[in-house]
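Listed below are the residues making up each chain.
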Amino acid sequence: MDSVSETHEPEGGTSAAAALEWFVDPVLAVADGAITFANEAARHEFDLSEGTLPREPEPVLGSHWAPIEAALTETTVGTARHVPLETAGYDVRVHRGEEGATLAFERLGEQEPPASDRTVKDRAINEAPVGITISDPNREDNPLVYINEAYEEITGYDYEDVVGRNCRILQGEASDPEAVAEMRTGIDEERPVTVELTNYRKDGTAFWNEVTIAPVRNDAGEVTHYVGFQNDVTARKEAELELERRTEELEYILERVEGLIQDVTDVVAGSTSRPELEAAVCERIAAEEAYEGAWIGERDPATEAIEIRERAGVSVEASSVGDDHTAPAALETGAVAVDSDRETTHASFPLRYNGIDYGVLTVCTDRDRAIDDRESVILSALARAVASGVNARETSRTLATDAVVAVEIELADPSFAPVALTAATDARLEYRRSVHRTGDGTASLFTAAGATGEELRAAAAELPGVALEVVVEHEGSCLIELSDDTDPVGWLSERGVRTRSIESEDGGARLALEIPRSANVRSVVEAIEDRYDGTDVVSFRQRESEGRSRQEFASRLEESLTDRQFTALQRAYLAGYFEWPRPTTGEELAQTMGVSRPTFHEHLRGAEAKLCGAFFGEE
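Conventions adopted
Residues numbered from 1 in each chain as written. Predicted model: local features only at pLDDT ≥ 70, side-chain atom pairs only at ≥ 80, totals over all residues. Heavy atoms only, no water. Helix = DSSP H or I, 4+ residues; strand = E, 2+ residues; numbered from the N terminus. Buried < 20%, exposed > 50% of the residue type's maximum accessible area, 1.4 Å probe, protein only. Areas by Shrake-Rupley, 256 points an atom, 1.4 Å probe, with all protein chains shown as cover. Pairing = 2+ DSSP bridges. Axes fitted to C-alpha atoms, helices over the stretch in contact; angles between N-to-C directions. Expected span 1.5 Å × (residues − 1). Contact = heavy atoms within 4.5 Å. Polar contact = N/O pair within 3.5 Å; in protein donor to acceptor, adjacent residues only side chain to side chain. Salt bridge = Lys/Arg side-chain N within 4 Å of Asp/Glu carboxyl O. Core = buried A, V, L, I, M, F, W, Y, C linked by side-chain atoms within 4.5 Å. Disulfide = S-S within 2.5 Å. Patch = residues over 30% accessible without salt bridge, like charges linked within 9 Å, V, L, I, M, F, W, Y side chains within 5 Å. Lys, Arg positive; Asp, Glu negative; His and termini not counted. Charge placed at Lys NZ, Arg CZ, Asp CG, Glu CD.

> How would you summarise the overall build of the protein if you had to cite specific residues and measurements?
The number of helices and strands found in the protein is 20 helices and 23 strands. Within the protein, buried positions represent 45% of all 619 residues. For the protein, the computed accessible surface area is about 32000 Å², with 48% contributed by carbon and sulfur atoms.

> Residue-level account of the pairing of strand S4 (residues 90–96), with values.
Across the 7 residues that make up S4, a large majority, 5, are buried. Both strand S3 (residues 80–84) and S4 contribute to a ladder of 5 bridges, which runs antiparallel. Counted as the bridge partner of Ala80 is His95 from S4. Of the strand pairs in this sheet, S4 and strand S5 (residues 101–107) are connected by 7 bridges, and their pairing is antiparallel. Looking across to S5, one finds that Asp91 is bridged to Glu106. The hairpin turn running from S4 into S5, its antiparallel successor, is 4 residues long.

> Explain the sheet that holds strand S1 (residues 27–31) to me, and be specific about the residues and the numbers.
Ordered in space as S2-S1-S5-S4-S3, the 5 strands form an open sheet in which the pairing is antiparallel. Unpaired on one side and paired on the other, strand S2 (34–38) and S3 mark the two borders of the sheet. Here the strands of the sheet are splayed against their neighbours by 25 degrees on average, with no regard to which way each runs.

> Report on helix H10 (residues 274–287), specifying residues and quantitative values.
For H10, spanning 14 residues, the distance from its first C-alpha to its last is 20 Å, which sits close to the expected 20 Å at 1.5 Å a residue. Of the positions making up H10, those classed as buried are Arg274, Leu277, Glu278, Ala279, Val281, Cys282, Arg284 and Ile285.

> Quick rundown of the sheet that holds strand S6 (residues 131–135)? Include the residues and the values.
With antiparallel pairing, 5 strands are arranged side by side in an open sheet as S7-S6-S10-S9-S8. Every interior strand has two partners, whereas the edge strands, strand S7 (144–147) and strand S8 (193–200), have only one. Pairs of neighbouring strands in the sheet enclose a mean axial angle of 25 degrees, with direction left out of account. Packed on one face of the sheet, helix H8 (residues 177–188) meets S8, strand S9 (206–217) and strand S10 (223–232) and runs near 135 degrees to S8.

> Describe in detail the side chain of Ser135, supporting the description with residues and values.
Tracing the backbone through its elements, the reader meets Ser135 in strand S6. Look at Ser135 and you get buried, because its relative accessible area is 8%. Polar contacts involving the side chain of Ser135 include one to the side chain of Asn142, which spans 3.0 Å. Other than its neighbours up to four places away in sequence, Ser135 contacts Asn142, Pro143, Leu144, Val145, His225 and Tyr226.

> Mind laying out the pattern of salt bridges, listing which residues take part and the relevant values?
Counting across every chain of the model gives 29 salt bridges. The salt bridge involving Glu408 is made with Arg510; its shortest N-O contact spans 2.8 Å. Of this pair, Glu408 sits in strand S16 (residues 403–411) while Arg510 sits in strand S22 (residues 508–516); the two residues are 102 residues apart in sequence, bridging distant segments of the chain. Overall, the relative accessible area of 22% leaves Glu408 in the partly exposed class. Where salt bridges share partners, they join Glu196, Glu210, Arg236, Lys237 and Glu240 into one cluster.

> Describe the environment of Leu589, naming the residues involved and giving the relevant values.
With respect to the helices and strands, the residue Leu589 is situated in helix H19 (residues 586–593). As a C-alpha pair, Leu589 and Val471 span 118 residues in sequence and 7.2 Å in three-dimensional space. Aside from chain neighbours lying at most four places away, what touches Leu589 is Val471, Arg571, Ala572, Ala575, Tyr577, Thr584 and Phe600.

> Describe the nonpolar core, naming the residues involved and giving the relevant values.
Grouped together as the largest cluster of nonpolar side chains are 67 residues, with contacts concentrated most on Ile285, Leu361 and Leu511. If you tally residues by element for this core, the top one is helix H12 (residues 373–400), at 6 residues. Once residues within four sequence positions are removed from consideration, Leu361 is found in contact with Ile285, Ala294, Trp295, Ile296, Ala347, Ser348, Phe349, Leu351, Leu382 and Ala383. In terms of nonpolar packing, the next biggest core, distinct from the first, is built from 22 residues, Phe566, Ala575, Leu589 and Phe600 among them.

> I'd like a description of the state of the cysteines, backed by residues and values.
Tallied over the entire structure, the rule returns 0 disulfides. Here Cys282 is not cross-linked by a disulfide; its sulfur's nearest cysteine counterpart is in Cys364, at 9.7 Å. Classification of Cys282 by relative accessible area gives buried; the value is 0%.

> With reference to specific residues and values, describe a negative patch on the surface.
A cluster of acidic residues, Glu292, Asp323, Asp324, Asp339, Asp341, Glu343, Asp366 and Asp368, forms a negative patch on the protein surface. Its location among the elements puts Glu343 in the loop between strand S13 (337–340) and strand S14 (344–353). Of the residues examined, Glu343 reaches a relative accessible area of 63% and is grouped as exposed.

In structure tokens:
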């Protein structure tokens, strides 16, 4: 504190001053940072005369003024404080009033006064890291009579700014009326109360203040003062409010897109064709209030331009989707891309499933409404669902379409089991068909020539994740069932690719594949190249699928057979069971299926009956 505000003579005016003249100890009155009165003992002790007042206290009191000034700052209005002076023959008792203070110098005896625990407590209060105020309810409007240094730091108000004024000085337009009323009620009911509200510093900046007000009682239980604690909790409160805002925003997003996701899932499950699926998805997104529209496009492998397949709610042409658009960026990186132009925010999501690109979904919204990370995660999941639906439609289209791209590739990657087997033996393997195994999983049947079953089993035992079973062996050749954890034929089928043939010898393999012409052929081939090192594309050609009527007949027949009937019929045929002389017996085939001979023949007869029915029946 630099000075004491609003000076006056000692309480009682001239009569009080006259009475103080009779004090044998020095008495000074201090106001507005100046000595305004000195009794006779003080004038004698400090070499003062009445004509020299007022005087600045520091030249008069010297080094003693610093502790006295500190005590003036810390002393509550209407109270007194004892101040020891280390080198003088006096101690000082400070009496604090509203407009000034009186300093009474008390002569020391031979014994120094004992240290006061009150002084320690008072200084602890003043130096506390939280704002502390004391108000006097016995004065009009319950004014503040004390503030500590932390209060000054928190609020920017000095002692002179607030002492004598009510604590509402910190309130402003954003202060919660309910919190203010709660504090007022606590004071009226003489009980402690804690609230959080917006207060304002002296410079007008707002902060969140955690205020606790508690009554202070005397020995008779009467409330003499109120103590207040102010704690700046702005950082915590802003973090809480931000968490609430983000939680509300997330709940809003989840509520808004829950129906969208459910509807898109229903579209994926219920659509019968890829165009129907894509159109329904775009229309459902466009119907959502938060979005202006959506479109699905696919890169043309010949021109590299984006071809618009379906749209809803927006008008977009392929020519407007340049390299600076989010759609090419999403296709290039395989990740969401978001950007805004003068009118619209575009968020593009790659339609990728099992490593195959089926195009890009772009969602459009107002430029001023950002699509944040959480919404992008949800829409990315939606895009994956759409891609899986497109994959399913393309895979089923493989069986129905006559328009295919015939692709022949050569492999030399030893992770492809036929390549590894023919590298380790003199065998030549030829793929016949994939079959369902007992339990779950599938396997592939190969005819093998040039190596014995034992040699092939030994070679397969060295390959991780590969199991080989010899179904039948006869005159230098055998039929083997090959299981591979990576299931390459199944992996290709999931991507809409039919495996027409696999021929492998001398550590190499040639595959003949059929890919629907409507599929992203380049993306499929790139996926194969990524999976198997040393992939070489031998030929591409578009043609009508061969043997489609036979394939459709076989597909319908296969649907009518049970798994066991199909397996029994297939193994009997591939093992030469219908030839004469028979190279294998029914008992041997039954053993490969893990069933008894009568059970095998029961399954085989059932399959033969259905086969004849398919040929000679009415349909």
